[in-house]
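Listed here are the chains, written in short residue letters.
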Amino acid sequence: MKYLQQKQAATRWGWLPLDATSDAYHTRTMDNISPERRSANMRAIRSKNTSPEMVVRRLLHQMGYRFRLHRKDLPGKPDIVLPKYRTVIFVHGCFWHQHPDPDCKDARLPKSNPDYWLPKLERNRVRDLEHQIKLENEGWNVVVIWACETKLKHSPALVEKLKNTL
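So, how was this worked out
Residue numbers here run from 1 along each chain, matching the order of that chain's written sequence. pLDDT decides what is reported in this predicted model: residues at 70 or higher carry local features, side-chain atom pairs at 80 or more are listed and counted, and totals for whole chains, interfaces and linings draw on all residues regardless. Water and hydrogen atoms were dropped before computing side-chain values, which therefore reflect all heavy atoms in the structure. What counts as a salt bridge is simple: a side-chain nitrogen of Lys or Arg found within 4 Å of a carboxyl oxygen of Asp or Glu. Helix and strand labels come from DSSP, where a helix needs a run of H or I of at least four residues and a strand needs a run of E of at least two; each type is numbered from the N terminus. When a residue's accessible area, from a 1.4 Å probe over protein chains only, is under 20% of the maximum for its type it is buried; when over 50% it is exposed; and in between it is partly exposed. Note on terminology: a nonpolar core comprises buried Ala, Val, Leu, Ile, Met, Phe, Trp, Tyr and Cys residues joined through side-chain atoms within 4.5 Å. Note on contacts: a residue pair qualifies if any of its non-hydrogen atoms lie within 4.5 Å across the two residues. Any N or O atom pair separated by 3.5 Å or less is treated as a polar contact, with the protein-specific requirement of one donor-capable and one acceptor-capable atom, and with residues adjacent in sequence counted only for side-chain atom pairs. pLDDT measures how confident the predictor is about each residue, on a scale from 0 to 100. Pairs of strands are assigned from DSSP output, requiring at least two bridges between the strands. Axis definition: a line fitted to C-alpha atoms, limited for helices to the stretch in contact. Angles are taken between N-to-C directions and run from 0 to 180 degrees. Any pair of Phe, Tyr and Trp rings, taking the six-membered ring for Trp, is counted once the centres come within 6.5 Å. Such a pair is stacked with planes under 30 degrees apart, edge-to-face with planes over 60 apart, and tilted for the rest. Both a distance and an angle decide whether a charge sits over a ring: NZ of Lys or CZ of Arg must be within 6 Å of the ring centre and within 35 degrees of the ring normal.

Asker: Where do I start with the pattern of salt bridges in this structure?
Answerer: A side chain of one charge can pair with a side chain of the opposite charge if their charged atoms are brought near each other. Using the criterion set out here, one finds four salt bridges in the structure. Taking the shortest distance from any N to any O, the salt bridge between Glu-53 and Arg-57 comes out at 2.9 Å. Placement of the pair is Glu-53 and Arg-57 together in helix α3 (residues 51-62), with a separation of four residues, close to one helical turn. Across this residue pair, the class does not change: Glu-53 and Arg-57 are buried. In this structure, Arg-71 and Asp-73 form a salt bridge, with 2.9 Å as the shortest nitrogen-oxygen distance. Owing to a relative accessible area of 24%, Arg-71 belongs among the partly exposed residues under this scheme.

In structure tokens, the structure reads:
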């Protein structure tokens, strides 16, 4: 009886379609969209050819640099690889990789479900650091560009950062 009441209430609140029968619907979460919709949203988050990555690629190309993309033989599959300069560039999303700049508004931790998010985001940071160490040990220069640094497409700070590292 309790399950039926929960299901009816969740349907009224718009959390569930009327025909939801899976176990995923049995518990109420802070999320106000269905698990299928949340899954579709998460699937739409790209790992390659993101807007910040495209900004950096266009900028590098305008500066005359030629590069390779997403080399699978390097630790962490860097977004941009400049073999001539033994340099790799990671373009990190501020949320997913937890930008350490306190002024970055995109790197805020979620308030809902911290038991899930805190370990997940910390694993991302640890993995990023491991990849950077491996690359440096192999003789590569590692550059990390944060998504918030690419908001102004021709940011003088971003251009200067790229010039200084290449």
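Let us keep going from here.
Asker: What's the story with the nonpolar core in this structure? I'm lost.
Answerer: Where a protein is soluble and globular, its nonpolar side chains tend to be buried together. Ranked by size, the top nonpolar core spans 14 residues in total, and within it Val-56, Leu-60, Ile-80, Leu-82, Ile-89, Ile-145 and Leu-162 carry the most contacts. For this core, the secondary-structure elements that each account for two or more residues are α3, β2 (80-82), β3 (87-92), β4 (141-146) and α5 (156-165). In this structure Leu-82 touches Tyr-65, Arg-66, Phe-67, Thr-87, Ile-89, Trp-140 and Leu-166, once residues within four positions along its chain are discounted. Ranked by size, the runner-up nonpolar core spans 13 residues in total, among them Val-88, Cys-94, Leu-135 and Val-142.

Asker: Sorry if this is basic, but what is going on with the environment of Asn-124 here?
Answerer: Of note, Asn-124 is situated in helix α4 (residues 114-137). With 27 residues separating them along the chain, Asn-124 and His-97 place their C-alpha atoms 6.0 Å apart. Separated by 2.9 Å, the side chain of Asn-124 and the backbone oxygen of Trp-96 make a polar contact.

Asker: Just to check I follow, could you spell out unusual backbone geometry for this structure?
Answerer: With a phi close to 50°, His-70 is a non-glycine residue in the positive phi region. With respect to the element layout, His-70 can be found in the loop between β1 (68-69) and β2. Given the relative accessible area of 12%, His-70 is considered buried. For Asn-113, which is not glycine, the phi dihedral falls at a positive 55°. Summarising the element assignment, Asn-113 is placed in the loop between β3 and α4.

Asker: What is the right way to look at the confidence of the model for the protein in this model?
Answerer: Per-chain confidence: the protein averages 81 in pLDDT, with 76% of residues scoring 70 or above. Every residue in residues 9-29 is under pLDDT 50, and counting partners more than four places away or in other chains gives 28 contacts.

Asker: Would you take a moment to explain the sheet that holds β1 for this structure?
Answerer: Two strands in a sheet stick together by hydrogen bonds in their backbones, pointing the same way (parallel) or opposite ways (antiparallel). Strand order in this open sheet of four strands is β1-β2-β3-β4, and the pairing throughout is mixed. Strands at the two margins of the open sheet, each flanked by one partner only, are β1 and β4. Bridge count for β3 against β4 is six bridges, and the pairing is parallel. Its bridge partner being in β4, Val-88 is matched across the sheet by Val-142. Helix-sheet contacts for α3 involve β1, β2, β3 and β4, and the interaxial angle to β3 is about 145°. Lying on the sheet, α5 is in contact with β3 and β4; it crosses β4 at an angle near 175°.

Asker: Would you mind going over the packing of aromatic side chains with me for this structure?
Answerer: Working definition: an aromatic ring pair is given by the centre-to-centre distance plus the angle between the planes. Enumeration over the complete set of coordinates arrives at five aromatic pairs. On the basis of an interplanar angle of 75° and a centroid distance of 5.4 Å, the ring pair of Tyr-65 and Tyr-85 is categorised as edge-to-face. Within this pair, whereas Tyr-65 is found in the loop between α3 and β1, its partner Tyr-85 is found in the loop between β2 and β3, the two being separated by 20 residues in sequence. In this structure Tyr-65 comes out as buried when scored by relative accessible area, which is 14%. Between Phe-95 and Trp-96 the ring centres are 5.0 Å apart and the planes differ by 75°, which places this aromatic pair in the edge-to-face class. According to the relative accessible area criterion, Phe-95 is partly exposed, its value standing at 21%. Judged by relative accessible area, which is 24%, Trp-96 ranks as partly exposed. Site record: aromatic cluster; members linked through ring pairs are Phe-95, Trp-96, Tyr-116 and Trp-117. Of note, Arg-86 hangs over the ring of Trp-140, and the distance from its end group to the ring centre comes to 4.2 Å.

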